[in-house]
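Architecture and fold: a report
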Amino acid sequence: MTLNKPSVLLTGGAGYIGSHTFVALVEAGYQPVILDDFSNSHPAVLQRLEQLTEQPVICERGNVLDTPWVVEVLQRHRCVAAIHFAGFKAVGESVQKPLMYYQNNVGGLLSLLQAMETTECRSVVFSSSATVYGDPASVPIDEQFPCAPESPYAHTKLMCENILASLRTSDPAWRVGVLRYFNPVGAHPSGLIGEDPSGIPNNLMPYVTQVAVGKRAMVNVFGNDYPTPDGTGVRDYLHVTDLAAGHVAAVSALLAHGKSFTINLGTGEGTSVLEVIQAFERASGRSIPYEFAPRRAGDVAQYFADVSLAGSLLGWRAQCTMDDMCRDSWHWQQRNPEGYRTVTSSPPALQVPVPASSNVSARPAVGM
Ligand code: NAD
Ligand code: UD1
């Protein structure tokens, strides 16, 4: 704890959603502590966070699978809660490398929970995904819908949810918030932090952004014969800053009243691929060429959330529109054409304690 601010551990806090949640937690009066091995993030994000929050960023570099070290981190910072973002998230890669996904995603959660049990820190928020619902029978999807995961990635998320449910049953002292995200997109309005995919983006919004900036020739629209209004896939896109606010609401609710929950975080509205492209054209003032391509294996026609439970339990509701999401994605891309590898003219001062604390590494870490 720093100056009596409650410390919250953010595993995977240097990643896309974790970094935006870091900012939201600081603004809400918490002291976030990042734990990350930088297997899918860049250390330059720490400088950006320092610039945004105007305070030193606490970052512990290492692997969440290293349980004794996680115990040390929780104790050193006197964490009262943890948000578990750390994990691998590429659906296609999970089909190719299932063991890597089960080990990191399920093993990572087990390791964190064991460390939390040891230190008697028993409030945890978990990053789950709407992908646990599989192909829903209807929309909107509420939390009582059956889970039917299809990919190994989706299975890891449901396994984690089940582990957390067992833990809650075993000991009511555990306070568990499971958040099922729909499609997070966008970036911080400052343009300082955003999504930084390596290689060819798998997801629609970063792909469209790269077409707008001229890095890629055109968008392949996967399928135009779905039973949707314009034939293209419909999703519930959610601004990442709204999602970050949802994490603050979730942690605050757990710490205040201690009741566990599983909730959807989305806007409750569906947007088609063609509508996303049109919104991005409005935001960027550029034309986005596209062509229709065959359906992508594993895709569903449409899904969007019933978000009433998030409203009634957390008092949370998404505020941003699709135009806001496109504007902020575009701003981030323009300011950072090479993501965090972009060299800025005046890099902010860096005073980040980064202890070389873990000798366990699931993947090689990037250089500092
Ligand atoms: P991300 O890859 O940007 O962030 C994950 C972070 O975890 C990275 O910084 C990575 O370096 C770190 N990490 C991975 N394994 C680790 C380990 N073993 N030890 C320490 N650090 C480790 O991903 P994101 O988009 O920010 O997603 C965060 C979480 O939300 C993930 O669990 C993901 O499955 C889930 N989620 C994401 C989406 C999405 O669309 N982005 C949707 C639903 C759920
Ligand atoms: C995908 C994952 C999901 C994950 C989510 C994270 C799959 C099957 N699902 O969801 O588990 O939680 O990302 O955001 O991978 N599209 C195109 N062209 C593209 C890219 C996408 O037309 O180049 C279409 C897709 O067919 C889909 C929509 O855009 O209709 C959104 O795709 P995407 O951003 O990849 O998200 P999801 O498929 O919803």
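The structure under discussion appears in the preceding block.
Just so we're clear, the structure is a prediction, and the values are computed from it rather than from any experiment.

Parameters at a glance
- Residues numbered from 1 in each chain as written.
- Chains lettered and ligands numbered in written order.
- Predicted model: local features only at pLDDT ≥ 70, side-chain atom pairs only at ≥ 80, totals over all residues.
- Heavy atoms only, no water.
- Helix = DSSP H or I, 4+ residues; strand = E, 2+ residues; numbered from the N terminus.
- Rg over C-alpha atoms; globule rule 2.2 N^0.38 Å.
- Buried < 20%, exposed > 50% of the residue type's maximum accessible area, 1.4 Å probe, protein only.
- Contact = heavy atoms within 4.5 Å.
- Areas by Shrake-Rupley, 256 points an atom, 1.4 Å probe, with all protein chains shown as cover.
- Near = heavy atom within 4 Å.
- Polar contact = N/O pair within 3.5 Å; in protein donor to acceptor, adjacent residues only side chain to side chain.
- Pairing = 2+ DSSP bridges.
- Right-handed = clockwise from strand over helix to strand, strands pointing away.
- Disulfide = S-S within 2.5 Å.
- Lys, Arg positive; Asp, Glu negative; His and termini not counted.
- Salt bridge = Lys/Arg side-chain N within 4 Å of Asp/Glu carboxyl O.
- Expected span 1.5 Å × (residues − 1).
- Nonpolar A, V, L, I, M, F, W, Y, C, P; charged D, E, K, R; others polar.
- Phe/Tyr/Trp six-rings, centres within 6.5 Å; stacked < 30°, edge-to-face > 60°.

All right, on to the overall build of the protein chain then. Summing up its helical and strand segments, the protein chain has eleven helices and 13 strands in all. In terms of overall size, the protein chain behaves like a compact globule, its C-alpha atoms giving a radius of gyration of 20 Å where 368 residues would be expected to give roughly 21 Å. Across its three principal directions, the C-alpha atoms of the protein chain cover 55 × 50 × 40 Å. Looking at the protein chain as a whole, 55% of its 368 residues qualify as buried. Look at the contacts in the protein chain between residues 6 or more apart in sequence, and 80% of them connect residues 24 or more apart. Looking at the protein chain as shown, the accessible area adds up to about 15,500 Å², and 51% of this sits on carbon and sulfur atoms.

This next bit is on the site of ligand 1. Close to ligand 1 lie 27 residues, the nearest being Asp36, Asn40, Ser41, Lys89 and Asn104. In this structure, an oxygen atom belonging to ligand 1 sits 2.7 Å away from a side-chain N or O atom of Tyr153. One of the side-chain nitrogen or oxygen atoms of Lys157 is found 2.9 Å away from an oxygen atom of ligand 1. For ligand 1, whose unbound accessible area comes to 820 Å², protein coverage reaches 95%. The set of elements that each furnish at least two residues to the shell around ligand 1 consists of α1 (16-27), β5 (123-129) and α6 (152-170). With three residues, β5 is the single largest residue contributor to the shell around ligand 1.

Turning next to the pairing of strand β2 (residues 31-36). The buried count for β2 comes to six of six residues, which makes it a mostly enclosed element. Side chains Gln31, Val33 and Leu35 project from β2 onto one buried face, and the interleaved Pro32, Ile34 and Asp36 project onto a second face that is buried too. Where strand β1 (residues 7-11) lies against β2, five bridges are found, and the strand directions are parallel. Of the residues in β2, the one forming a bridge with Leu10 is Ile34. The sheet contact formed by β2 and strand β3 (residues 58-61) spans four bridges and is parallel. Residue pairing in the sheet places Val33 in a bridge with Ile58 of β3. Between the parallel pair β2 and β3, the chain is carried across by helix α2 (residues 44-53), and the sense of this crossover is right-handed.

This structure, assessed with the given rule, holds zero disulfides. For the unlinked cysteine Cys79, the closest cysteine sulfur is that of Cys121, found at 6.2 Å. For Cys326, which is in no disulfide, the shortest distance to another cysteine sulfur is to Cys320 and amounts to 12 Å. A relative accessible area of 0% places Cys326 in the buried class.

Turning to α2, a few remarks are in order. Within an α-helix, residues lying three or four positions from one another point in the same direction, as the helix has 3.6 residues per turn. With seven of ten residues buried, α2 lies mostly within the body of the structure. Burial in α2 covers these residues: Ala44, Val45, Leu46, Arg48, Leu49, Glu50 and Thr53. Where α2 is buried, its residues touch α1, β2, β3 and α11 (322-335). Remark: Glu54 follows α2 within two positions and exhibits a positive phi of approximately 55°.

Once that is clear, we can look at the side chain of Asp242. Inspection of the secondary structure assignment puts Asp242 in helix α8 (residues 240-257). Of the side chains with opposite charge, Arg317 lies nearest to the buried Asp242, which makes no salt bridge, at 9.3 Å. A distance of 2.9 Å separates the side chain of Asp242 from the backbone nitrogen of Gln319, its partner in a polar contact. Among the polar contacts listed, one links the side chain of Asp242 to the backbone nitrogen of Cys320, at a separation of 2.9 Å. Those residues in contact with Asp242 that sit more than four places away from it in its chain are Trp316, Ala318, Gln319 and Cys320.

The end-to-end C-alpha separation of α1 is 18 Å, in line with the 16 Å expected for twelve residues at 1.5 Å each. Of all twelve residues in α1, eleven are buried, a share of seventy percent or more. Buried within α1 are the following residues: Tyr16, Ile17, Gly18, Ser19, His20, Thr21, Phe22, Val23, Ala24, Leu25 and Val26.

Within the structure, ligand 2 sits among 19 residues, and Leu204, Asn220, Arg235, Arg296 and Asp299 are positioned closest to it. Within the backbone of Leu204, a nitrogen or oxygen atom sits 2.8 Å from an oxygen atom of ligand 2. Burial of ligand 2 by the protein chains amounts to 88% of its free accessible area of 730 Å². A per-element tally of the shell around ligand 2 places strand β8 (residues 219-222) first, with three residues. Considered class by class, the residues forming the shell around ligand 2 number eight nonpolar, eight polar and three charged.

This part covers the packing of aromatic side chains. Summed over all chains, the structure comprises six aromatic pairs. One aromatic cluster is present, built from ring pairs that chain together Tyr133, Phe182 and Tyr303.

Moving on, we come to the pairing of β5. Taken residue by residue, a regular strand's side chains alternate between the two faces of the sheet. Along β5, seven of the seven residues are buried, which leaves the element largely enclosed by surrounding structure. By the alternation rule, side chains of β5 split into Ser123, Val125, Ser127 and Ser129 and Val124, Phe126 and Ser128, which are all buried. For strand β4 (residues 79-84) and β5, the ladder comprises three bridges, and the chain directions are parallel. In the sheet register, Ala82 faces β5, and the bridge partner there is Val124. Bridge analysis of β5 against strand β6 (residues 175-181) gives seven bridges, and the strand direction is parallel. Counterpart to Ser128 in the pairing with β6 is Arg180.

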